[in-house]
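# A structural walkthrough
Single-letter residue listing:
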Amino acid sequence: MKEWLMKISYLFFPKRCEICGEVICLDETKCEKCLSLHKITGETCRKCGKELLYCTCSSTKAEYRAFCAVYYYKDNIVTTLHRLKDYGYRELADNMGREISECVKERFGSVQFDVVTYVPMTRKKQSKRG
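Residues numbered from 1 in each chain as written. Predicted model: local features only at pLDDT ≥ 70, side-chain atom pairs only at ≥ 80, totals over all residues. Heavy atoms only, no water.

Regarding its fold elements, the protein chain presents five helices and zero strands. Along the chain direction, N to C, the helices and strands of the protein chain fall in the order α-α-α-α-α. Taken over the C-alpha trace, the protein chain has a radius of gyration of 18 Å; the compact-globule value for 130 residues is 14 Å, which it surpasses by more than 25%. Dimensions of the protein chain along its principal axes, counting C-alpha atoms only, are 60 × 35 × 30 Å. Looking at the 130 residues of the protein chain, the share that counts as buried comes to 20%. Within the protein chain, contacts between residues separated by at least 24 positions form 41% of all contacts whose residues are at least 6 apart in sequence. Carbon and sulfur atoms form 55% of the exposed surface of the protein chain, whose accessible area is close to 10,600 Å². Taking the 24 positively charged and 17 negatively charged side chains of the protein chain as two groups, their mean positions are separated by 7 Å. (Helix = DSSP H or I, 4+ residues; strand = E, 2+ residues; numbered from the N terminus. Rg over C-alpha atoms; globule rule 2.2 N^0.38 Å. Buried < 20%, exposed > 50% of the residue type's maximum accessible area, 1.4 Å probe, protein only. Contact = heavy atoms within 4.5 Å. Areas by Shrake-Rupley, 256 points an atom, 1.4 Å probe, with all protein chains shown as cover. Lys, Arg positive; Asp, Glu negative; His and termini not counted. Charge placed at Lys NZ, Arg CZ, Asp CG, Glu CD.)

Tallying each qualifying case throughout the model produces zero disulfides. Cys45 carries a free sulfur, and the closest cysteine sulfur to it, the one in Cys55, is 3.6 Å from it. (Disulfide = S-S within 2.5 Å.)

What follows concerns the packing of helix H3 (residues 76–86) against helix H4 (residues 91–108). Each packed pair of helices is defined by two parameters, the angle between the axes and the distance between the axes. For the pair H3 and H4, interaxial distance at closest approach is 9 Å and the crossing angle is 125°. With respect to H4, the axis of H3 lies oblique. Along this stretch, H3 crosses H4, giving a crossing that reads as left-handed. Counting all contacts with H3, which are made through Thr80, Leu81, Arg83 and Leu84, the residues of H4 involved are Leu92, Ala93 and Met96. The residue inventory of the contact of H3 with H4, partitioned by class, reads five nonpolar, one polar and one charged. (Axes fitted to C-alpha atoms, helices over the stretch in contact; angles between N-to-C directions. Parallel < 35°, antiparallel > 145°, perpendicular 65-115°, else oblique. Left-handed = near helix turned anticlockwise from the far one by under 90°. Nonpolar A, V, L, I, M, F, W, Y, C, P; charged D, E, K, R; others polar.)

This paragraph deals with a positive patch on the surface. Together, Lys85, Lys124, Lys125 and Lys128 line one region of the surface with positive charge. Considering each element in turn, the positive patch owes the most residues, three residues, to helix H5 (residues 123–129). Inspection of the secondary structure puts Lys124 in helix H5. Lys124 gets classed as exposed once you look at its relative accessible area, which sits at 70%. (Patch = residues over 30% accessible without salt bridge, like charges linked within 9 Å, V, L, I, M, F, W, Y side chains within 5 Å. Salt bridge = Lys/Arg side-chain N within 4 Å of Asp/Glu carboxyl O.)

Structure (structure tokens):
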């Protein structure tokens, strides 16, 4: 009975991909595009942020002491971030926050941070978001 009610509720409130927010089937958690996303793993270049395996930097000067990113900024991740930041899809924030948290724990579990910050935005975008 409970499963039947859930299926009816999805007619009015369809299940959505936990990464990008696209409508998906009841038995899925992510859409096909998000399932194929490549997570950044292993050591990364401190200049460009790519995995060392894919890095083509000619410079050895590091821009950062360390940083952490779950995915490369391409494909469905671009869509996801725009939906979250610009269009108010706040339901995407829970999963994104969880993934970022897991990434930080994995790469910097023993580090005591002084500051965790964000990339600043322009005043125009800030006023648009409110």
